[in-house]
Amino acid sequence: MSRGIQQWLCLAVLASAGTGALAGMVFFTLPPAPKSSDGLSSPIVSSSHRFSANGLSSAGNLSLVTWADQVAVKLEGVTALPLPFAKGEALRFSVKTDTNNTQGRIVKAQGWEAGLLSQKLVIINSSRTEQEDLLEGLCWLLLNRYVVNRQGSQQRETHLGTVPDWLSVGIAQHLYPSLRSRNIRAVLDRWRENEALPVRNVFQQEYLPDGRWIEKAVCALAVDWLTAWEQPDPFFEAVFNRLAENEPLTSEWFMQSGLVPAHREIELEKSWDLWIARQQLLG
């Protein structure tokens, strides 16, 4: 856990009924896994052939891959870049039940096998899985494809490309208007209380824990802010190329690359603060 997360622990909001600013927004209901193997179906592949799912009933598997296709289209709309999917590279969902631990959780995995990208998202105890954890896990894997696609064979062997959590979480939270509205309200509440929200800290969030946290709302607003200054495709091309070289996305790099309207740290933070203030006026 990074220092930035530790600084924000006191601002955590639990994902339970009546939690206020970060209360859940339903955008996809994941069906529970069948209680016995009799209810399972063969794996189902989405109409785009980009996703497959197993571990649920036929209707459940179909619902899952249909939703994943919708997320992929939304994500392509944000980046203005087509997601790279080669034949045989479908992202696989696997739904499992853990009777020893009833909590829901998401496990993400990817690897480079026989010249193909292999990605898997395991959903454990689906009836208790957080919707947003599922969305964020899917977006992390999909965004990684942009990075891996820009790597040479040696780069893939030594360090298979990934995006930092602040970027994947921020984009995931950007995809649904209900989440965006909720996040803006949450960040503005903190901003009005003069809580420090330095954007340089956002860029340090390489890893974020599961669950609903105020810093995830900040990440979403940071993505909105960053993409407001450049056309989506040049911005994301620069970001994915940088990550393909296994280089971090720092505030210094954003300023040097001209992707933000600032050349010094104080200008960067001022621009960020004014952006948050503007959301208050727009709301």
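Residues numbered from 1 in each chain as written. Predicted model: local features only at pLDDT ≥ 70, side-chain atom pairs only at ≥ 80, totals over all residues. Heavy atoms only, no water.

This part takes up helix α9 (residues 232–244). The end-to-end C-alpha separation of α9 is 18 Å, in line with the 18 Å expected for 13 residues at 1.5 Å each. Restricting attention to buried positions, one finds in α9 the residues F235, F236, V239, F240, L243 and A244. In an axial view of α9, the angular spread of the buried residues amounts to 160°, which keeps them on one side of the axis. Lining the buried residues of α9 we find α2 (58–79), α3 (131–148), α4 (153–158), α5 (165–174), α8 (214–227) and α10 (251–256). A positive phi of about 60° marks N246, the residue just after α9. (Helix = DSSP H or I, 4+ residues; strand = E, 2+ residues; numbered from the N terminus. Expected span 1.5 Å × (residues − 1). Buried < 20%, exposed > 50% of the residue type's maximum accessible area, 1.4 Å probe, protein only. Arc of directions from axis to C-beta. Contact = heavy atoms within 4.5 Å.)

Now for the pattern of salt bridges. This structure, assessed with the given rule, holds 14 salt bridges. Residue E132 pairs with R212 through a salt bridge whose shortest N-O separation is 3.0 Å. With E132 in helix α3 and R212 in the loop between α7 (199–202) and α8, the pair connects residues that are 80 residues apart, well separated along the chain. Taken individually, E132 and R212 each receive the classification buried, so the pair is uniform in this respect. A salt bridge links E136 to K216; the nearest nitrogen and oxygen atoms lie 2.8 Å apart. Of the two residues, E136 is situated in helix α3 and K216 in helix α8; the sequence distance between them amounts to 80 residues. The class for K216 is buried, based on a relative accessible area of 4%. Through salt bridges with shared partners, a single ionic network connects E130, E132, R182 and R212. (Salt bridge = Lys/Arg side-chain N within 4 Å of Asp/Glu carboxyl O.)

Pairing geometry for strand β1 (residues 44–45) and strand β2 (residues 51–54), over 2 bridges, is antiparallel. The residue bridging I44 from the neighbouring strand is A53, located in β2. On the question of chirality, the crossover connecting β2 to the parallel strand β3 (residues 91–96) by way of α2 is left-handed. (Pairing = 2+ DSSP bridges. Right-handed = clockwise from strand over helix to strand, strands pointing away.)

It is worth spelling out the nonpolar core at this point. Counting 78 residues, the largest nonpolar core has F93 and F254 as its most contacted members. With near-sequence residues (within four places) excluded, F254 lies in contact with W166, F203, L226, F235, V239, L249, L259 and V260. (Core = buried A, V, L, I, M, F, W, Y, C linked by side-chain atoms within 4.5 Å.)

Okay, α8 next. Taking 1.5 Å per residue as the helical rise, α8 with its 14 residues ought to reach 20 Å, and the 21 Å between its terminal C-alpha atoms agrees with that figure. Most of α8 is tucked away: 13 of the 14 residues are buried.

Honestly, that's just the spatial picture; any functional story needs more than this.
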